Amino acid sequence: MDSRMQTVLNFVITGSRVADIGADHGYLSIELIRSGRASKVIATEKNIHPFEALVKNISGFDIEARLGDGLKILTAGEVDTICIAGMGGALIIKILDDAPDVVQSARQLILQPMNAVTKVRAWLAENNWTIADEDLAESAGIIYEIICAEKNCAPKIFKRESSPLLKKFLTQRLEKIQYVLAEMNKSPAARNTEKFSAAQNELKTLQKKIAAL
């Protein structure tokens, strides 16, 4: 596994029954069982060809493979931990929204959105999930954000705050915001939008955070 998936695995509560949604080649599922981190793993894929590859890869491991859409093929109370990694934030939210009984019966969500991370955090807050921890992982030169949400957990300092990747991650984000602002600044109409003001505020926040590191 790459460091991104290893970070996802590290958040799983030992002994959990885990759903690996969109399991792809099944590397996370295999390592969850091989390491003893999970007591049970259900690996899912939506499309037949990736599913067939998944079934082949997990052969010999005590992992159940299911073909179907997201969490719809699970029942409430069947798993403790839900892992969804490598998908867009909007798709992750849709998967969670489509199976409310399954989600609410779980005790842990481990999410690695490829984008729209702010929207994922907002969804968690709106649906009574507390972000227990966050971390960063770098793979192929890209830094990813991994969110671990639980129910009724005490607040603590996130792993990401002490991550050696934090400064690089914030600097990359700063450069992206600077580019967006430069492009929007070319248009008087764009300069008068809420998006422009929000980007300016984020820029100031990022500058302060980087200066404090």
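Because the structure is a prediction, the values reported are computed rather than measured. (Residues numbered from 1 in each chain as written. Predicted model: local features only at pLDDT ≥ 70, side-chain atom pairs only at ≥ 80, totals over all residues. Heavy atoms only, no water.)

S.K.: Looking at this structure, I do not really get the overall build of the protein. What am I missing?
M.R.: A tally of helices and strands in the protein yields nine helices and seven strands. Against the globule reference of 17 Å for 213 residues, the protein gives a C-alpha radius of gyration of 19 Å, in line with a compact fold. Referenced to the eigenvectors of the C-alpha coordinate spread, the extents of the protein come out at roughly 60 × 35 × 35 Å. Residues classed as buried in the protein amount to 44% of the 213 residues present. Of the contacts formed within the protein by residues at least 6 apart in sequence, a portion of 60% connects residues at least 24 apart. Of the accessible surface of the protein, which amounts to about 11,100 Å², a share of 52% is contributed by carbon and sulfur atoms. (Helix = DSSP H or I, 4+ residues; strand = E, 2+ residues; numbered from the N terminus. Rg over C-alpha atoms; globule rule 2.2 N^0.38 Å. Buried < 20%, exposed > 50% of the residue type's maximum accessible area, 1.4 Å probe, protein only. Contact = heavy atoms within 4.5 Å. Areas by Shrake-Rupley, 256 points an atom, 1.4 Å probe, with all protein chains shown as cover.)

S.K.: Mind showing me how you'd approach the pattern of salt bridges here?
M.R.: When charged atoms on two side chains of opposite charge get close, those side chains can pair. Taken as a whole, this structure holds 17 salt bridges when the rule is applied. Between Arg 17 and Asp 80 there is a salt bridge, with the nearest N and O atoms lying 2.9 Å from each other. Note that Arg 17 is positioned in strand 1 (residues 16-21) and Asp 80 in the loop between strand 3 (64-67) and strand 4 (81-87), a separation of 63 residues in sequence. Judged by relative accessible area, which is 28%, Arg 17 ranks as partly exposed. In this structure, the salt-bridge partner of Lys 94 is Asp 98, at a minimum N-O distance of 2.7 Å. Of the residues examined, Lys 94 reaches a relative accessible area of 44% and is grouped as partly exposed. Take Asp 98: its relative accessible area is 33%, and that puts it in the partly exposed class. Connected through salt bridges with shared partners, the residues Arg 121, Glu 134, Glu 145, Arg 160 and Glu 161 form a single ionic network. (Salt bridge = Lys/Arg side-chain N within 4 Å of Asp/Glu carboxyl O.)

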